[in-house]
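# Residue-level structural notes
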Amino acid sequence: MRTVDRMIYLDNAATTRVKPEVLEAMRPYFEEQYGNPAGAYTFAGRINAEVENARKTVAGLIGAKPGEIYFTAGGSESDNWAIKGIAYALEKKGRHIITSKIEHHAVLKTCEYLEKHGWEVTYLDVDRNGFVDPAALENAIRPDTVLVSVMFANNEIGTLQPVAELGRVAHARGVLFHTDAVQAYGHVAIDVDEMNVDLLSVSGHKINAPKGVGFLYVRSGVRIDPLIHGGAQEKGKRAGTTNVPGIIGLAKASELARDTLDERAAYEKELRDHLIARIESEIPYAVLNGDREKRLPNNVNFSFRFIEGESLLILLDQAGVCGSSGSACTSGSLDPSHVLLAIGLPHEIAHGSLRLTLSEENTLEETDYAVDSLKRIVERLRGMSPLYEDFIKKQGAKS
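To keep things clear, this report deals only with the structure shown in the data block. The structure presented is a predicted model; accordingly, all values stated were derived computationally and were not measured.

## Description of the sheet that holds strand β2 (residues 69–72)
What the 7 strands build is an open sheet, ordered β2-β8-β7-β6-β5-β3-β4; its pairing is mixed. Both outer strands of the open sheet, β2 and β4 (120–124), are each paired with one neighbouring strand and no more. Averaged over all pairs of adjacent strands, the angle between strand axes in this sheet comes to 20°, irrespective of strand direction. Alignment of strand β3 (residues 96–100) against strand β5 (residues 145–149), held across 4 bridges, turns out to be parallel.

Shown next, in the form of structure tokens:
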């Protein structure tokens, strides 16, 4: 139970609030402009035109053509569709897929599904900062490889992958390249042509659009099987009545993200670096996870030795601070993060992780309050840890 009245929201990688401008842009499509854009009458045609304008808007953020954008229900669907759709479309060419060990579960579970149905999957290792080595990717590609899927930015530790280089390696061997850009879209610059991307997944609720809407970019000429069968929506590739309000909201949020990207990223980076500096200087035995420079501007991820992450989150919540121990999709699990294990952290340290993710709405005062609270909580929890007590005694004996 929260013991203070204030709430400081530092879990923007999990989801973001819908901005007022986005809600206002959506409102007419719940009320006056409620028609189904697939209708043959003028009322429907006007709404369909707005959906196509939205398609142009989101395409512009990644340097794509509007016809290469397919609206979906979000990142998980887009990841599933990209991987299964290519796997089934190209299964006569080969049944081998390559991904990394730190992908979102929407990718990992999809790959596991395909493994049960006759596909082979290679899971690439990453280094201590979470990077995939392009040379390792090149060595893993086989004649029967049909797809490489490596995320743009990691949802837990914020590491930005060398996407352009990884895509170049895949293309040099005639293999398609997919990237899960759910955490990157609207936060860092993306150009699918310059970055050698063939398929790209996006979810709207990470950039102040509503939950339940996203898109999959599919490069022109790439063959992909539908994931959802039924009507002829999305050029026959993705059935289901068009989510008009969601799509309009996604487009408006994309416009806002585009227009403020540089200023917002600089501000969030300033807060991020302030958080990191204070934690490193004021809380002993805290380890920053992810690359110090090549990371999302709003991501902070630390592991605290001799701390159990669940207790840390509960006490932070009581202090009015919302954070997480990793992906929002697995935050209810008691297992340590697969990402932190993949970068080489032992189980006992991986269990003591904390992810704080900022937005432009956070303030310096809020970050200071969060660190002050974190210091007290870590000290309290370590004071109850016999392992920490033994460690300190041993350290004292050495000195």
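## What about helix α11 (residues 364–383)?
The terminal C-alpha atoms of α11, which comprises 20 residues, lie 29 Å apart, in line with the 28 Å expected from a rise of 1.5 Å per residue. For α11, the full list of buried residues reads E366, T367, Y369, A370, V371, S373, L374, I377, V378, L381 and R382.

## Thoughts on the sheet that holds strand β12 (residues 353–357)
Strand order in this open sheet of 3 strands is β9-β10-β12, and the pairing throughout is antiparallel. On the outer flanks of this sheet lie β9 (286–288) and β12, each paired with one strand and no other. Ignoring which end each strand starts from, the neighbouring axes of this sheet average 25° apart. Strand contacts of helix α7 (residues 244–282): β9, β10 (299–304) and β12, with the helix running at about 15° to β10, the strand carrying the most contacts.

## Examining the pattern of salt bridges
Taken as a whole, this structure holds 25 salt bridges when the rule is applied. A salt bridge links K19 to E360; its shortest N-O distance comes to 2.8 Å. With K19 in the loop between β1 (8–9) and α1 (20–26) and E360 in the loop between β12 and α11, the pair connects residues that are 341 residues apart, well separated along the chain. When its relative accessible area of 27% is taken as the criterion, E360 is described as partly exposed. The closest approach of N and O atoms between E280 and R292, which form a salt bridge, is 2.8 Å. Here the residue E280 occupies a position in helix α7, and R292 occupies one in the loop between β9 and β10, the gap between them amounting to 12 residues. Accessibility expressed as a relative area gives 43% for R292, which makes it partly exposed.

## Regarding the packing of aromatic side chains
Per the stated rule, a full pass over the model turns up 10 aromatic pairs. Consider the rings of Y88 and W119, whose centres lie 4.9 Å apart with planes at 75°: the pair is edge-to-face. Remark: W119 occurs in the loop between α4 (105–115) and β4 and Y88 occurs in helix α3 (residues 75–89); sequence separation between them is 31 residues. Summarising the aromatic geometry, the rings of Y285 and F306 are spaced 6.5 Å apart at their centres and angled 90° between planes, so their arrangement reads as edge-to-face. Taken as a pair, Y285 in the loop between α7 and β9 and F306 in the loop between β10 and α8 (309–318) lie far apart in primary sequence, 21 residues in all. On the basis of relative accessible area, Y285 is assigned to the partly exposed category, the value being 30%. Taken together, Y285, F306, Y388 and F391 form an aromatic cluster joined through their ring pairs.

What counts, and at which threshold
- Note that residues are indexed from 1 along each chain, following the sequence as it is written.
- Where local features are concerned, this predicted model is filtered to residues with pLDDT of at least 70; where side-chain atom pairs are given and counted, the filter is 80 or more; whole-chain, interface and lining totals use all residues.
- With hydrogens and water stripped out, all remaining heavy atoms of the structure feed into the side-chain values.
- When DSSP finds at least two bridges between two strands, those strands are taken to pair.
- In this description a helix means any DSSP run of H or I spanning at least four residues, a strand means any run of E spanning at least two, and both kinds are numbered starting from the N terminus.
- The axes are straight lines fitted to the C-alpha atoms, using for helices just the contacting stretch, and the angles between their N-to-C directions are given from 0 to 180°.
- Helix span, expected: 1.5 Å multiplied by one less than the number of residues in the helix.
- Note on classification: 1.4 Å probe, protein chains only; a residue is buried when its accessible area is under 20% of the maximum for its type, exposed when over 50%, partly exposed between these limits.
- Any pair of residues with heavy atoms lying within 4.5 Å of one another is described as a contacting pair.
- For salt bridges, the criterion is a side-chain nitrogen of Lys or Arg within 4 Å of an Asp or Glu carboxyl oxygen.
- In this scheme Phe, Tyr and Trp rings, the latter by its six-membered ring, pair at centre separations within 6.5 Å, and the angle between planes marks the pair as stacked below 30 degrees, edge-to-face above 60, and tilted otherwise.

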